[in-house]
Amino acid sequence: MIGRYEKIDLPVSKVRRYLEPGPIVLVTSAFGKTRNIVTLGWHTVMGFTPSLVGCVIAAGNHSFELVRAQRRMRDQPTDDEADRPRGRIGNTTGAETDKFATFALTPQKAQRVGAPLIRECHANFECNLADDILVDKYNFFIFEVVKAHVAPSPGHPQTLHYTGDGVFMVAGKIISRRSQFRSELLDD
Ligand SMILES: Cc1cc2nc3c(=O)[nH]c(=O)nc-3n(C[C@H](O)[C@H](O)[C@H](O)COP(=O)(O)O)c2cc1C
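What counts and what doesn't
Sequence order as written defines residue numbering, which begins from 1 separately in each chain. In keeping with the predicted nature of the model, local features appear solely for residues at pLDDT of at least 70, side-chain atom pairs appear and are counted solely at 80 or more, and the whole-chain, interface and lining totals rest on all residues. Hydrogens and waters are ignored; side-chain quantities use all the structure's heavy atoms. Basic side-chain nitrogens of Lys or Arg form a salt bridge, by our definition, when they fall within 4 Å of a carboxyl oxygen of Asp or Glu. Under the DSSP-based scheme used, a helix requires at least four consecutive residues in state H or I and a strand at least two consecutive residues in state E, with every element numbered from the N terminus. Note on classification: 1.4 Å probe, protein chains only; a residue is buried when its accessible area is under 20% of the maximum for its type, exposed when over 50%, partly exposed between these limits. Whether a residue is near a molecule or strand depends on its heavy atoms: if one lies within 4 Å, it is near. Throughout this description, a polar contact denotes any pair of N or O atoms lying within 3.5 Å of each other; where both atoms belong to protein, one of them has to be capable of donating a hydrogen while the other can accept it, and for residues adjacent in sequence the pair is counted only when both atoms sit in side chains. Computed with a 1.4 Å probe, the accessible areas rest on the Shrake-Rupley method; for each residue, only the protein chains presented here act as cover. Whether a set of points on the 1 Å grid over the protein atoms alone is a cavity depends on a 1.4 Å probe fitting there but being unable to get out, while an open set qualifies as a pocket with protein on both sides within 12 Å along at least five of seven lines; lining residues are those with an atom within 4 Å of a point. Cavity and pocket membership follows a simple rule, namely that a molecule belongs there if more than half of its atoms are within 2 Å of the grid points.

Q: Explain the pattern of salt bridges to me, and be specific about the residues and the numbers.
A: This model, assessed by the stated rule, comprises five salt bridges. With a shortest N-O distance of 3.8 Å, R68 and E65 are connected by a salt bridge. Separated by three residues within a single helix, R68 and E65 lie in helix α1 (residues 62-70), roughly one turn from each other. Under the relative-accessibility criterion, E65 is labelled partly exposed at 46%. For E184, the salt bridge goes to R182, with nearest N and O atoms at 2.8 Å. Given a relative accessible area of 55%, E184 falls into the exposed group. Connected through salt bridges with shared partners, the residues E65, R68 and D136 form a single ionic network.

Now the structure itself:
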C-alpha cells in the first residue's frame, strides 16, 4: 500500500488533470454573417484591472480564425452537467453547422462586441482581443473583458470543470476562509 504523500511518475502530458484552471466556458465569435460557439476547458485570469483572460484556441478550430478576424468574443461560463450540450458543442465544428440552432441555444445582442451572448449561460463576459503576441506561437489569445453580465443567483453556481480524457468534475461546496486573510487581500 502506497502512503498518502508518496508519488508515482506521471507523463507530463497528463498534468492538466491536476492543474485544471476553472469552469468550462463557451466562447462565441462572429465575423460577417458567420457565428460560432466553441467549448473551452483551459483559460486563465491574467489581471484584474484591466480584466484580462488568456485562453488557448487550437488553430484547427473554426473559431480560431473567426476570433482572430473579429478580434472580439464572448466568454460564457457554463454550469450544467457533462451530458448537456457542452461536450457535444466541443465535438462539433461550426464549419459545418450553426451550433446555436443545433443545440437550441438563444443568441442575444451584446452591448460592446459583435459576437452574440448565450442566454442559457449564467454569466456572459464581452471581450476584446487585447494582445495577439502569443497566437502564432502558442494559439494563446489574451482578451480584455469589457462588459460582464451575471445572474444574481445562485451566487456560486455549480460549475463544470474538465480534467481531460473525457472526464469532468462538478464544483463542490463553497467554504469561506475570510477571517484568515489579510484585509488588503480581500475585495470588500
Ligand atoms: C470539455 C471540452 C473542453 C475543450 N477545451 C478546449 C480548449 O481549451 N481549447 C481548444 O482549442 N479546444 C478545446 N476543446 C475542443 C473544441 O471545443 C472542439 O475542437 C470544437 O469542435 C471546435 O469547434 P469549432 O471548429 O466550431 O471552433 C474542448 C472540447 C471539450 C469537449
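Q: Which residues make up the site of the ligand, and what values go with them?
A: For the ligand, the set of nearby residues contains 22 residues, the closest of which are N36, A58, S63, T93 and G94. Between the ligand and A58 there is a distance of 2.7 Å, counted from an oxygen atom to a backbone nitrogen or oxygen. K99 is positioned such that a nitrogen or oxygen atom in its side chain is 2.9 Å from an oxygen atom of the ligand. Contact with the protein chains covers 87% of the free accessible surface of the ligand, which is 650 Å². With respect to the pocket detection grid, the ligand is positioned in the second largest pocket. Every element with two or more residues in the shell around the ligand is listed here: β2 (34-40), α1 and α2 (85-89). Broken down by element, the shell around the ligand gets its largest block of residues, four residues, from β2.

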